[in-house]
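One-letter residues, chain by chain:
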Amino acid sequence: MYELLLEKEERLFFALYQQLKRQNYSNIDDLCLHLGVTAPTLLQGVRNFQIKGYHLKLGMDIVKDGRRLYLLTRGEFSERRLFTCLLEKSIGLELLLEMWRHPSCSAPELAKKTYHSCQTVRRRLRGLEALLACYNLRIVLEKRPMLQGAEAQIRFFYLHVHILLEEALYRSEVSEVWGRIVSLAEERLARRFRVKKAWFNR
């Protein structure tokens, strides 16, 4: 669900990585069918990843051999760090962090602070509705604050967002991070907060 924070190109690349992770290699045509994109779009996404130097920085690469793509990883590769790097261009994440710092911002004010158009701000916030709904939160563009819900739920959501971004966890695997989140959820459940443990099994 956190893939909703990624921009379109980064979301496609992460979906490609997840698909190749399951079997290490796959036919390009099958990948395109599964991901709902054309071969040029898929291959351009891989090239852009390499142009940015992420493959050297992260210790992983996707290589083309004929009509197949292969996933190559080194021992120090971390899926967690890959996801964090892909979040660097996230407009949705940028907006959420700005809303955390300035909860009473309206959409036009948020647009000015982040140098995006008001239409972009509204579109990206609406795109996060499914993620926010998992925390019993919602975006109401006509109200202040725009992020509506119980304060405990808002703080719980932003805790998860900051865990995603924590530099100290760069070398932690996804399972370790989720272990921390589940532990927090169990504590909240014991104190009769809203988020149930079953939510983490989705």
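Please refer to the structure placed before this passage.
Description of the structure in this document. (Residues numbered from 1 in each chain as written. Predicted model: local features only at pLDDT ≥ 70, side-chain atom pairs only at ≥ 80, totals over all residues. Heavy atoms only, no water.)

**Some details on the overall build of the chain**
In terms of helices and strands, the chain carries eleven helices and five strands. Residues classed as buried in the chain amount to 46% of the 202 residues present. Long-range pairs, those at least 24 residues apart, make up 58% of the contacts in the chain with a sequence separation of at least 6. As presented, the chain carries roughly 11400 Å² of accessible surface, and 51% of it is formed by carbon and sulfur atoms. (Helix = DSSP H or I, 4+ residues; strand = E, 2+ residues; numbered from the N terminus. Buried < 20%, exposed > 50% of the residue type's maximum accessible area, 1.4 Å probe, protein only. Contact = heavy atoms within 4.5 Å. Areas by Shrake-Rupley, 256 points an atom, 1.4 Å probe, with all protein chains shown as cover.)

**With respect to the layout of surface pockets**
If you add up the space inside the second largest pocket, you get close to 170 Å³. Lining of the second largest pocket is provided by Met99, Trp100, Pro103, Pro145, Leu147, Glu151, Ile154, Arg155 and Tyr158. Going through the elements one at a time, α6 (91–101) and α10 (151–165) are the ones with two or more residues in the lining of the second largest pocket. Of all the elements, α10 adds the most residues to the lining of the second largest pocket, at four residues. (1 Å grid on protein atoms, 1.4 Å probe; cavity = no way out; pocket = protein on both sides within 12 Å on 5 of 7 lines; lining within 4 Å. Points joined across faces, edges and corners; volume = space filled by probe spheres on them.)

**Points about empty space enclosed by the protein**
Under the defined criterion, the tally for this structure stands at one cavity of 30 Å³ or more. There is about 60 Å³ of room inside the largest cavity. The wall of the largest cavity is formed by Glu9, Glu10, Phe13, Gly45, Asn48, Phe49, Lys52, Tyr54 and Leu86. The residue inventory of the lining of the largest cavity, partitioned by class, reads four nonpolar, two polar and three charged. (Nonpolar A, V, L, I, M, F, W, Y, C, P; charged D, E, K, R; others polar.)

**Thoughts on unusual backbone geometry**
Along the chain, Arg144 connects to Pro145 via a cis peptide bond; the corresponding omega equals -5°. As for its position among the elements, Pro145 is in the loop between β4 (138–139) and β5 (147–148). Positive phi, normally seen in glycine, also occurs at Tyr115, with a value near 60°. Assignment of secondary structure puts Tyr115 in the loop between α7 (107–114) and α8 (118–126). Take Tyr115: its relative accessible area is 76%, and that puts it in the exposed class. Notably, Asn136 is not glycine yet its phi reads approximately 60°, a positive angle. Along the chain, Asn136 turns up in the loop between α9 (129–133) and β4.

**So, the side chain of Ser106**
You can see Ser106 is positioned in the loop between α6 and α7. Accessibility expressed as a relative area gives 11% for Ser106, which makes it buried. In this structure, Ser106 is in contact with Arg144 and Met146, ignoring residues within four places of it in sequence.

**What to know about the pairing of strand β2 (residues 60–65)**
In the sheet, β2 pairs with strand β3 (residues 68–73) via six bridges, with the strands oriented antiparallel. Bridging from a neighbouring strand, Met60 pairs with Thr73 of β3. What sits between the antiparallel neighbours β2 and β3 is a turn of two residues, in which Gly66 has the positive phi angle 65°. (Pairing = 2+ DSSP bridges.)

**Focus on the packing of aromatic side chains**
As enumerated under the stated definition, the model contains ten aromatic pairs in all. Residues Tyr135 and Phe156 carry aromatic rings whose centres are separated by 6.2 Å and whose planes lie at 70° to one another, so their mutual orientation is edge-to-face. Linking Tyr135 in the loop between α9 and β4 with Phe156 in helix α10, this pair joins segments that are 21 residues apart in sequence. The burial state of Tyr135 is the same as that of Phe156; both residues are buried. Summarising the aromatic geometry, the rings of Tyr135 and Phe157 are spaced 5.1 Å apart at their centres and angled 70° between planes, so their arrangement reads as edge-to-face. Here the residue Tyr135 occupies a position in the loop between α9 and β4, and Phe157 occupies one in helix α10, the gap between them amounting to 22 residues. Here the two residues Tyr135 and Phe157 agree in accessibility, since each one is buried. Taken together, the ring pairs connect Trp100, Tyr135, Phe156, Phe157 and Tyr158 into an aromatic cluster. (Phe/Tyr/Trp six-rings, centres within 6.5 Å; stacked < 30°, edge-to-face > 60°.)

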